[in-house]
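These are the residues of each chain, in order.
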Amino acid sequence: MVSGARGPDSTGSRTAVFAGFQEFGVTYDTASTPSLTGLTLELHSDKLTLITGPSGSGKSTLVRVLAGFIPRLLHGKIEGSAEVLGNDVESAPPNSITDSIGMVFDNPFDQLTAATKTAFDETAYALENEGLHPAEIVDRVMGALESVGLADLAGHHPRRLSGGQSQRLAIACALAQQKPILVLDDPTSQLDPTGTAEVVSMVGKLRREHTTVVLVAQDLTHWLAIADRLVILDGGRVTADGSPASLLAEPGLLADQVMIPRYVAIWAELRSRGIELGDRAPLGTDQLLASLQASDGAGG
Ligand SMILES: Nc1ncnc2c1ncn2[C@@H]1O[C@H](COP(=O)(O)OP(=O)(O)O)[C@@H](O)[C@H]1O
Ligand SMILES: [Mg+2]
């Protein structure tokens, strides 16, 4: 059984494993080739795991399995094994995974119900189904809308929201459910810089409050500083896995697989020109500046 098992993660600390994939593969019923194949991975509680890789590498498929949607709701042929919270994903009882793992889809329009008339109602929808006390519902809904910057739009019709606002509403719906594990599939793909900053700050806060987060992002720029671990997928399997600072410092490894943030690219370029900047990639512009200042000091 995977849940409760303990093992070292990439940062060396020991935390509970909540999901394990062994030589795992998925071929969607509508596809002729596998979307994941020979994938082996363990995911740890109380961590922020960042998953990246090129378009079509299987990121969304992996997190749909993790959140209990494949193969129960989205059908496909499974190979190998995947266990989430102690359940084999193929035989897991209904809700055994979804009760504990909240998921934000890459496309908010796949997620929003189209059955509600306000952003408030949309966010309250799942909570009402759970039969929570009205005061608790109002607290959770307003807290969630606030943390994604939508509190002012609580009374707006979901259909009148922009793409970015819809994405933030989908995140608020998941947040309001307060599940211990949150899976976010490219949550800022439709957001402008202000919306992105709000979502990054919200995820950072969840992380500090010990929510387990699995986050898919093609653009790593804003996430490296708060990620505990970086997993790279290519061709439906894991091709690299480790701490962001050490993984991004490996020359050549990533060129075709990852959109490298500018501050990492500048660091790598300066290093290749012989400037001593250490062997850990910066995780933000501020860290790049700090290592440049340190190297300036060291050079006298
Ligand atoms: N619902 C689906 N039905 C059939 N094929 C799919 C479906 N979703 C994704 N795929 C295919 O699976 C492969 C991996 O896709 P996906 O998991 O969406 O990758 P990523 O999120 O990294 O872009 C791609 O070839 C894609 O076309
Ligand atoms: Mg995707």
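Conventions adopted
Residues numbered from 1 in each chain as written. Chains lettered and ligands numbered in written order. Predicted model: local features only at pLDDT ≥ 70, side-chain atom pairs only at ≥ 80, totals over all residues. Core = buried A, V, L, I, M, F, W, Y, C linked by C-beta atoms within 7 Å. Buried ≥ 20, exposed ≤ 12 C-beta atoms within 10 Å, placed from the backbone. Helix = DSSP H or I, 4+ residues; strand = E, 2+ residues; numbered from the N terminus. Contact = placed C-beta atoms within 7 Å. Axes fitted to C-alpha atoms, helices over the stretch in contact; angles between N-to-C directions. Parallel < 35°, antiparallel > 145°, perpendicular 65-115°, else oblique. Left-handed = near helix turned anticlockwise from the far one by under 90°. Nonpolar A, V, L, I, M, F, W, Y, C, P; charged D, E, K, R; others polar. Near = placed C-beta within 6 Å. Pairing = 2+ DSSP bridges. Right-handed = clockwise from strand over helix to strand, strands pointing away.

J.: Can you help me understand the nonpolar core in this one?
T.: Soluble, globular proteins show a tendency: their nonpolar side chains are buried together. Judged by nonpolar contacts, the single largest core of 76 residues is most densely connected at Leu66, Ala172, Val183, Leu215 and Trp223. For this core, the element with the highest residue contribution is helix H4 (residues 163-176), accounting for eight residues. Setting aside anything within four residues of it in sequence, one finds Leu215 in contact with Leu48, Leu50, Ile51, Leu184, Val203 and Trp223.

J.: Looking at this structure, I do not really get the packing of helix H3 (residues 134-147) against H4. What am I missing?
T.: In the contact formed by H3 and H4, the axes pass within 8 Å of each other and the chain directions differ by 140°. As summarised for this structure, H3 and H4 are arranged oblique, according to the angle between their axes. Two packed elements cross with a definite hand, and for H3 against H4 that hand is right-handed. Mapping the contact onto sequence places Arg140, Val141, Ala144, Leu145 and Ser147 in H3 and Ala172, Leu175 and Ala176 in H4. In the contact of H3 with H4, the residues fall into six nonpolar, one polar and one charged.

J.: Can you help me understand unusual backbone geometry in this one?
T.: A negative phi angle characterises most non-glycine residues, just as the trans form characterises most peptide bonds. The peptide bond linking Ile70 to Pro71 adopts the cis configuration, its omega dihedral lying at 0°. Tracing the backbone through its elements, the reader meets Pro71 in the loop between helix H1 (59-66) and strand S5 (76-84). Notably, Leu85 is not glycine yet its phi reads approximately 50°, a positive angle. By secondary structure assignment, the location of Leu85 is in the loop between S5 and strand S6 (87-88). Of note, Gln178 is a non-glycine position whose phi angle comes to about 50°, a positive value. For Gln178, the location among the structural elements is in the loop between H4 and strand S8 (181-185). Using a count of 13 C-beta atoms within 10 Å as the deciding quantity, one classes Gln178 as partly exposed.

J.: Please explain the site of ligand 1 as it appears in this structure.
T.: Every one of the 13 residues lining ligand 1 counts as a neighbour, but Tyr28, Ser35, Lys59, Ser60 and Thr61 are closest to it. With three residues, the single largest contributor to the shell around ligand 1 is H1. Looking at side-chain class alone, the shell around ligand 1 contains three nonpolar, nine polar and one charged residues.

J.: Sorry, what's going on with the pairing of strand S9 (residues 212-216) here?
T.: Sheet faces and side chains relate simply in a regular strand, where the side chains alternate between the two faces. The element S9 is largely enclosed, with a buried count of five among its five residues. The side-chain alternation of S9 yields two buried faces, one formed by Thr212, Val214 and Val216 and the other by Val213 and Leu215. In this structure, strand S4 (residues 48-52) lies alongside S9, joined through four bridges in parallel fashion. Note on S9: the bridge partner recorded for Thr49 is Val214. Pairing between S8 and S9: five bridges, direction parallel. Across the sheet, residue Asp185 finds its bridge partner in S9, namely Val216. In terms of handedness, the path from S8 via helix H5 (residues 193-208) over to S9 forms a crossover that is right-handed.

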